Amino acid sequence: MDANGRVLVLGANGFLGSHVTHQLVTAGRDVRILIRPTSDTRGIDGLAVERQTGDALDPATLRTAMEGCATVFHCLVDTRAWLHDPAPLFRVNVAGLGHAIDAALATGVHRYVFTSTIGTIGTRHDGPATEADEIDPREDVPAYVRSRLDAERLLLAACRERGLPGIALCVGNTYGSGDWVPTPHGNLVKDAARGRMLFSWDGGGPSVDVDDAARALLLAETRGRIGERYIVADRWVTFRELIETAADAAGARRPLWHIPTPIMETGIRAIEAVARLFNLETRATMASLECSRRMGDMDCTKARTELGWQPRPIVDAIRDAVAFHLRRAG
C-alpha cells in the first residue's frame, strides 16, 4: 500500500499518539484527529491538522471521522492499570475498539494500524518471547492486561473473519520528550530526575523510544502484513536501571535503597487497603505491580526485518525524557 490519502489519528493527544501525529505532519500527510473538547492538546498544538471534536467511543462520531480516510492510526487507550473498578478499561480498550472497527469497515478504510501492547505477548523461560508466544486464555492476568488482550484478539478476529485490513503493534514502555501528563513510566523518570526516588524495586519491561515506536506505526501502514502483530521494543529495562539512568542524566541523587519483592508487596497491599478504605485513587496497587513484572525480554526481529524498523538505544530516550522534564521544571 502506498502512503497517501487522508489519515485519522485516534488518541492524537496522548504520548504516543502525539508523536505519530507529528511524524505524519512532517511527512506531508493530510491528517485528521478526533479529540474531546476537554483533551489536553499541548503535544499537538500548532500542527497543521484537521481537528474534529467529539466522543471517540461514539459509533456515529467515529464513522463521521473516518469518512474519506485511507488509514486509521488507533493510539487511543486507557492505561490506568491501578483502577479499583476496571470497567473504564474495558469500555475504552475493548468496546471502544469494537465501535472503531465497525466504523472502519463501514467507511472502507484501507489500513487500520492498532496500538497494542507487549503485555499481550506470552512469557517464556528459554529466551526472549516472540509474536508466536501467546497468553493462555485461562491465565489469571490483571484487568488492564485482560482488556488489552481482549482488544487485540478482537482486532485480529476482525481481520480474519470480517476483512479488516488491520495490523497490531505490540509496543513496549515508551520514553522520550513530550510526555506532558506524564505517563506512569514517564512519571518515574520525572521523579528520578528531580531526586525524589528514594528506592528502586524489582521488575521492569521491554522499552522503546517513543519516536521509534511512532515510526514503527508509520512503517506498518505500508509494510506491515494484515492480521499480524509486531513487537516494538528495543530491550528489557529494569526499574533500577531506569531510575538510576534518569538520576545520572539529571545529576540527581540515585535511590538510596533497593526494595526486595516481598517487602514491596507488603507495602503496596497496605497502601491499597488504605486507599480502598477512604475511596482514594492510588497508582501503587498490586495490579500495577503485577503488570510491571509479568513480562520477560522480547525479540523485535520481526519488526526489524519486515518493517525495516531500527530503534535507537533506549538509554538515549530516557535521557531525552529527563531533558524534557528538566526544561519544564526550569
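What you are looking at is a predicted structure, and each value in this text was computed from that prediction instead of being measured. (Residues numbered from 1 in each chain as written. Predicted model: local features only at pLDDT ≥ 70, side-chain atom pairs only at ≥ 80, totals over all residues. Heavy atoms only, no water.)

Asks: Would you mind going over the sheet that holds strand 6 (residues 166-171) with me for this structure?
Replies: Backbone hydrogen bonds hold the strands of a sheet together, and the pairing may be parallel or antiparallel. As summarised here, the arrangement of the 7 strands in space is 3-2-1-4-5-6-10, forming an open sheet in which the pairing is parallel. Both edges of this open sheet fall to strand 3 (50-53) and strand 10 (229-232), since each of them pairs with a single strand only. Geometrically, the sheet is characterised by an average inter-axis angle of 20° between neighbouring strands, direction not taken into account. Strand direction decides the pairing type here: strand 1 (residues 6-10) and strand 4 (residues 69-74), joined by 5 bridges, are parallel. Its bridge partner lying in strand 4, leucine 10 is registered against histidine 74. This element, helix 3 (residues 87-107), spans strand 1, strand 4 and strand 5 (111-117) of the sheet and lies at about 165° to strand 5. Lying on the sheet, helix 4 (residues 143-162) is in contact with strand 5, strand 6 and strand 10; it crosses strand 5 at an angle near 155°. (Pairing = 2+ DSSP bridges. Helix = DSSP H or I, 4+ residues; strand = E, 2+ residues; numbered from the N terminus. Axes fitted to C-alpha atoms, helices over the stretch in contact; angles between N-to-C directions. Contact = heavy atoms within 4.5 Å.)

Asks: Looking at this model, I keep getting lost on the pattern of salt bridges. Mind explaining?
Replies: Where charged atoms from two side chains of opposite charge come close, those side chains can pair. Evaluated as defined, the whole model comprises 22 salt bridges. Salt bridges linked by common partners bring Arg225, Glu228, Lys302 and Glu306 together as one network. (Salt bridge = Lys/Arg side-chain N within 4 Å of Asp/Glu carboxyl O.)

Asks: Hey, could you run me through helix 11 (residues 314-329) in this one?
Replies: Taking 1.5 Å as the rise per residue, helix 11 with 16 residues should run 22 Å; its terminal C-alpha atoms sit 23 Å apart, in good agreement. Looking at the buried residues of helix 11, the elements they touch are strand 7 (173-175), helix 5 (184-193), strand 9 (204-209), strand 11 (235-238) and helix 7 (239-250). (Expected span 1.5 Å × (residues − 1).)

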